[in-house]
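One letter stands for each residue in the lines below.
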Amino acid sequence: MTTSTESNAANGPRVALVEPGTRPELAEMEARIQGARGRISPLYQVLLNSPAVVEGWEAMLTAIRNKTGISARHRELVILRVAMLNRAAYEFDAHVPHALKGGVSQAAIDALREDADGAIRGIELDDLDRQVLALTDTMTREIEVPDAQFNALQAHFGPQGMVELTATVAAYNMVSRFLVAMHIGH
């Protein structure tokens, strides 16, 4: 997935990175990020420019990644798909290890990386995987989700699962669009 966004990101983020340990008022937040993520990535170094935003961001994304009932497989399929659709190569690459750990095959990851038109052909996805990806496509591209599409997934996920699945798609649209707009990348 090579895009013009990558060349923009190569020039560096549009705002200064906050170097961990340089702002004492951020020490507690930096410790939480470090503890939850194992490092303070360039994304979080940009977010640290706004203590209120980074605090809310971390709380929401931690809940979505670690506290919902959505399977790791479905969560990572959503994240990879959103990243590809929004041309956020940095986000895609960051989630490949999580996807592999969650049971997504390398072949499926490669197909998702290359599939710009939404067809997702020739990879080992079951019907539910395809429905999850279709919802991701609809929410990302069309915004409004038809009742039939929503109801078919709700029959499997139930109300709580649909809130969690929908929030995952929405949250990772936010992440990828923030990364692209701020030129955070490789």
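By convention here, each chain's residues receive numbers from 1 onward along its written sequence. It should be noted that, the model being predicted, local features are given only for residues of pLDDT at least 70 and side-chain atom pairs only at 80 or more, the latter also being counted only at that level, while totals for whole chains, interfaces and linings use all residues. Side-chain measures here rest on the full set of heavy atoms in the structure, leaving out hydrogens and waters.

### Some points on the nonpolar core
Now for step 1: Put simply, a nonpolar core is a bunch of buried Ala, Val, Leu, Ile, Met, Phe, Trp, Tyr and Cys residues held in one set by side-chain atoms that sit within 4.5 Å of each other. Each residue is placed in one exposure class: buried if its accessible area under a 1.4 Å probe, protein chains only, is under 20% of its type's maximum, exposed if it is over 50%, and partly exposed if it falls in between. Counting 34 residues, the largest nonpolar core has L43, Y44, L48, L153, F157, L165 and Y172 as its most contacted members.
Now for step 2: Strands are runs of DSSP state E lasting at least 2 residues, helices are runs of H or I lasting at least 4, and numbering of each runs from the N terminus. Sorting the residues of this core by element identifies α2 (27–37), α3 (42–47), α4 (51–66), α5 (72–85), α8 (127–142) and α9 (147–181) as the ones contributing at least two each.
Now for step 3: Contacts between residues were defined by any pair of non-hydrogen atoms, one from each residue, lying within 4.5 Å. When residues no more than four places from it in sequence are discounted, the contact partners of L43 are W57, Y90, V175, F178, L179 and I184.
Now for step 4: Ranked by size, the runner-up nonpolar core spans 15 residues in total, among them A83, L85, V96 and I109.

### Some details on the side chain of R65
Now for step 1: By secondary structure assignment, the location of R65 is in helix α4.
Now for step 2: Once residues lying within four places of it in the same chain are set aside, the contact partners of R65 are R37, R75, E76, H95, H98 and Y172.

### Here we look at α8
Now for step 1: Between the first and last C-alpha of α8 there are 21 Å, a value that for 16 residues agrees with the 22 Å anticipated at 1.5 Å per step.
Now for step 2: Where α8 is concerned, the buried positions are L128, D129, V132, L133, L135, T136, D137, T138, M139 and T140.
Now for step 3: If you follow the buried residues of α8, they end up packed against α5, α7 (106–114) and α9.
Now for step 4: Once α8 finishes, I143 follows within two positions and takes phi at roughly 75°, a positive value. Take the number of residues in a helix, subtract one, and multiply by 1.5 Å to get its expected span.

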